[in-house]
Amino acid sequence: MQALYAQLLVGLINGSFYALLSLGLAVIFGMLNIINFAHGALYMMGAFVAYFLLDLGGINYWWALLIAPIIVGIFGMILERTMLQWLTGLDHLYGLLLTFGIALIVQGVFQNYFGSSGLPYAIPDQLKGGMNLGFMFLPVYRGWVVIFSLVVCLATWFLIEKTRLGAYLRAATENPTLVRAFGINVPRMITLTYGLGVGLAALAGVLSAPINQVRPLMGADLIIVVFAVVVIGGMGSIMGSIITGFALGVIEGLTKYFYPEASNTVVFVLMVLVLLVKPTGLTGRAA
Amino acid sequence: MTALTDDTLPVTPRAMRDEMIVFVVMALLLAAVPFSGIYPFFVMQALCFALLACAFNLLIGYGGLLSFGHAMFLGTAGYCSAHALKVWGLPPELGILVGVAAAFLLSVVTGYVSIRRQGIYFSMITLALSQLLYFIYLQAPFTHGEDGIQGIPQGHMFGVFDLSKPTVLYYVVLIGFLAGFLLIYRIINSPFGEVLKSIRENEQRAISLGYRTDQYKFLAFVLSGTLAGFAGSLKVFVAQNASLTDVHWSMSGEVVLMTLVGGLGTIFGPVVGAFVIIAMQQYLASFGQWVTVIQGAIFVICVLTFRRGVIGEIAHFLRRSL
């Protein structure tokens, strides 16, 4: 039973990353109509920025949690202003190709300087150790990751679905010209939205730094699983990506316990099954 | 919304004459390679990728479908051919047949699943399916995991042509490439190809004209996947191994890059693109990881500034379809 709970916890943690990443993708897709292939590379940058902050500036984990997403978010906004902006009105496949190129550049540069091996990042003192829950031993940091990312996901959902700013955002997705006519600076809003989505990816990167090692390719394979999560969920709603992300993490964890050989592939197999039954995805609108 | 291949020019009888002239020139140039002192293995490798890129272009350039998982056909056919040649001891022609049949079956299954979603979703599904296969091949015993299948016997094609001789192998690969290329050319210019183009331009209108567009897209997917598998089977004889790199998603990205550089929806573009990218990898190998950065930069530059690609720009300048 111990092992089952441990795998469930691992599943929940992976689910937190899936949810944060697919949430960022959904936010970006909603406003920019771009599938951000660079999302995995930006997640990796988040982890690296946290590493540099600690290693070079002596800035601890708690500040990194705030500063790294801002730095990477600004980097993202520069990308949007200098490149992505020029794709407005073109087929969305060009966005996929452009961000794929950006991902190759970012990952290649990091691989040149840091090789493919990982850099260690210590768990902050306050979150070291573990708790005995009676039925299992819970490492505090892992519990923190699950709760913190859940809070961030719900806050993002609240921001987009329940606030005035979110209402502008959703309106601008539907009809940018009309929203502009009301005196709202839509291009600036698009830039900020991209920054927000990228910031979410970087935040996931910081969270994962103490668990997984900080590696240039840490986002490269993860992003394809997240794409599968997105296909299953359908990117129709913000809540949809959060729930699908967590649920698939848990299913993956359970597979690791009952049939480890399939743990790498279960998400993809599920994707095929969902598509056979419901081609639009679980919460999806028609593409 | 501007479609991916808006700039392609209509095909007229004069255009078809131009294309045949270019084809004959290309075939003669390639046939002369063994006499020119150019390293034949480089050209053979480029020819395999050129065929792969042409097969990929059949889908995106004429059907408007961006597959981000074409490496799965290359890799699957490669593994199956390699296994048939080495373990079952089949002759080369049957080995190729096994690989192509495997790619055909795979494309039927993956096509059935992926055609159900459009646009970006289609790309993501093909990507995820190819990653699924990557993990399967990583764990399956017959692929030997990280080592791959090595030391594949080349044998005698039809019991006559000794493929261990570089010149014989070169001409076999060249004939395979030219046959595949002509088949794709024939498909594009058939009534089926015309319907495919109409789906690319305006799927809703094609539906309202009474075409079952899903069936056309499915058939295009199967043809493209099977031909990509043929490229993978040929590549086994050139590289004499089948490995995980051929199935990894970065290979799918490279195929997209080749086609994009050469020109999406142009007939000769993928061939030029494949030669450019393979030459780049060959001659920039000393830069190590910077090659990835350079490839990424080419992607960005192509998308931002010259979306028509090399051949697309030339064709546009000459006002000819190429």
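What comes next is a walk through the structure. All figures in this text were calculated on a predicted structure; none of them were measured in a lab.

**Considerations on the overall build of chain A**
Right, so step 1: Within chain A, the secondary structure is distributed over 11 helices and 2 strands.
Right, so step 2: Helices (α) and strands (β) of chain A occur, in sequence order from the N terminus, as α-α-α-α-β-β-α-α-α-α-α-α-α.
Right, so step 3: The C-alpha radius of gyration computed for chain A amounts to 19 Å, which stays within 12% of the reference 19 Å derived for 287 residues, consistent with globular compactness.
Right, so step 4: Dimensions of chain A, computed from the C-alpha atoms along their principal axes, are close to 60 × 50 × 35 Å.
Right, so step 5: Looking at the 287 residues of chain A, the share that counts as buried comes to 54%.
Right, so step 6: Long-range pairs, those at least 24 residues apart, make up 79% of the contacts in chain A between residues at least 6 apart in sequence.

**Considerations on the overall build of chain B**
Right, so step 1: Looking only at helices and strands, chain B features 13 helices and 2 strands.
Right, so step 2: Taking 322 residues into account, the globule formula puts the C-alpha radius of gyration at 20 Å, and chain B, at 19 Å, falls close to it.
Right, so step 3: Once the C-alpha set of chain B is aligned to its principal axes, its extents read approximately 50 × 45 × 40 Å.
Right, so step 4: Looking at chain B residue by residue over its 322 residues, the buried ones come to 58%.
Right, so step 5: Relative to all contacts within chain B whose residues are 6 or more apart in sequence, the contacts with residues 24 or more apart total 78%.
Right, so step 6: Here chain B has roughly 12,900 Å² of accessible surface; of this, 67% comes from carbon and sulfur atoms.
Right, so step 7: Averaging the coordinates of the 17 positive side-chain charges in chain B and doing the same for the 15 negative ones gives two points 7 Å apart.

**What about the packing of aromatic side chains?**
Within a pair of aromatic rings, the relevant descriptors are the distance that separates the centres and the angle that separates the planes.
Right, so step 1: Applying the stated criterion to the full structure yields 36 aromatic pairs over all chains.
Right, so step 2: On the numbers, 5.8 Å between centres and 70 degrees between planes, the contact of Y61 of chain A with Y141 of chain A is edge-to-face. Here the residue Y61 of chain A occupies a position in helix α3 (residues 61–82), and Y141 of chain A occupies one in helix α5 (residues 140–162), the gap between them amounting to 80 residues. We note that Y61 of chain A, like Y141 of chain A, is buried.
Right, so step 3: Judged by centre distance (5.8 Å) and plane angle (70 degrees), the ring pair of Y134 of chain B and F135 of chain B falls under edge-to-face.

**Remarks on the side chain of H83 of chain B**
Right, so step 1: Counting through the fold element by element, H83 of chain B comes out in helix α3 (residues 71–86).
Right, so step 2: Setting aside chain neighbours within four positions, we find H83 of chain B in contact with W88, F142 and I149 of chain B.

**Some words on the side chain of S233 of chain B**
All names here are of chain B.
Right, so step 1: Topologically, S233 is positioned in helix α9 (residues 213–239).
Right, so step 2: Polar contacts involving the side chain of S233 include one to the side chain of S81, which spans 2.8 Å.
Right, so step 3: Once residues lying within four places of it in the same chain are set aside, the contact partners of S233 are A77, S81, I96, G99 and V100.

**Side note on the packing of helix α2 (residues 40–63) of chain B against helix α11 (residues 269–283) of chain B**
Residue and element names in this part refer to chain B.
Right, so step 1: Relative to each other, α2 and α11 sit at 135 degrees, their axes nearing to 8 Å. Between α2 and α11, the angle is such that the two are oblique. When you trace α2 past α11, the crossing you get is right-handed. Residue-level inspection shows F42, V43, Q45, A46, L47, F49, A50, A53, C54 and N57 of α2 in contact with α11, the latter providing P270, V271, A274, F275, I278, A279 and Q282.
Right, so step 2: Across the contact of α2 with α11, the residue classes tally to 14 nonpolar, 3 polar and no charged.

**Considerations on a nonpolar patch on the surface**
Right, so step 1: A cluster of nonpolar side chains, namely W63, L66, I70, I74 and I78 of chain A, defines an oily patch on the protein surface of about 520 Å² accessible area.
Right, so step 2: On the accessibility criterion, I74 of chain A (44% relative accessible area) is partly exposed.

**Concerning the interface of chain B and chain A**
Right, so step 1: Taken together, the contacts link 44 residues of chain B with 49 residues of chain A.
Right, so step 2: Each partner contributes to the roughly 4,400 Å² buried at the junction of chain B and chain A, and carbon and sulfur atoms together form 77% of this total.
Right, so step 3: Of all residues in chain B, I120, Y121 and W249 of chain B bury the most surface against chain A, accounting for 14% of the area lost on that side.
Right, so step 4: Our enumeration of links across chain B and chain A arrives at 0 salt bridges.
Right, so step 5: Counting across the interface, chain B meets chain A through 5 residue pairs in polar contact (both at pLDDT 80 or more).
Right, so step 6: It is helix α5 (residues 119–139) of chain B that provides the largest number of residues to the side of chain B that touches chain A, a total of 14 residues.

The rules behind these values
- Residues numbered from 1 in each chain as written.
- Chains lettered and ligands numbered in written order.
- Predicted model: local features only at pLDDT ≥ 70, side-chain atom pairs only at ≥ 80, totals over all residues.
- Heavy atoms only, no water.
- Helix = DSSP H or I, 4+ residues; strand = E, 2+ residues; numbered from the N terminus.
- Rg over C-alpha atoms; globule rule 2.2 N^0.38 Å.
- Buried < 20%, exposed > 50% of the residue type's maximum accessible area, 1.4 Å probe, protein only.
- Contact = heavy atoms within 4.5 Å.
- Areas by Shrake-Rupley, 256 points an atom, 1.4 Å probe, with all protein chains shown as cover.
- Lys, Arg positive; Asp, Glu negative; His and termini not counted.
- Charge placed at Lys NZ, Arg CZ, Asp CG, Glu CD.
- Phe/Tyr/Trp six-rings, centres within 6.5 Å; stacked < 30°, edge-to-face > 60°.
- Polar contact = N/O pair within 3.5 Å; in protein donor to acceptor, adjacent residues only side chain to side chain.
- Axes fitted to C-alpha atoms, helices over the stretch in contact; angles between N-to-C directions.
- Parallel < 35°, antiparallel > 145°, perpendicular 65-115°, else oblique.
- Left-handed = near helix turned anticlockwise from the far one by under 90°.
- Nonpolar A, V, L, I, M, F, W, Y, C, P; charged D, E, K, R; others polar.
- Patch = residues over 30% accessible without salt bridge, like charges linked within 9 Å, V, L, I, M, F, W, Y side chains within 5 Å.
- Salt bridge = Lys/Arg side-chain N within 4 Å of Asp/Glu carboxyl O.
- Buried area = accessible area lost by both parts, 1.4 Å probe.

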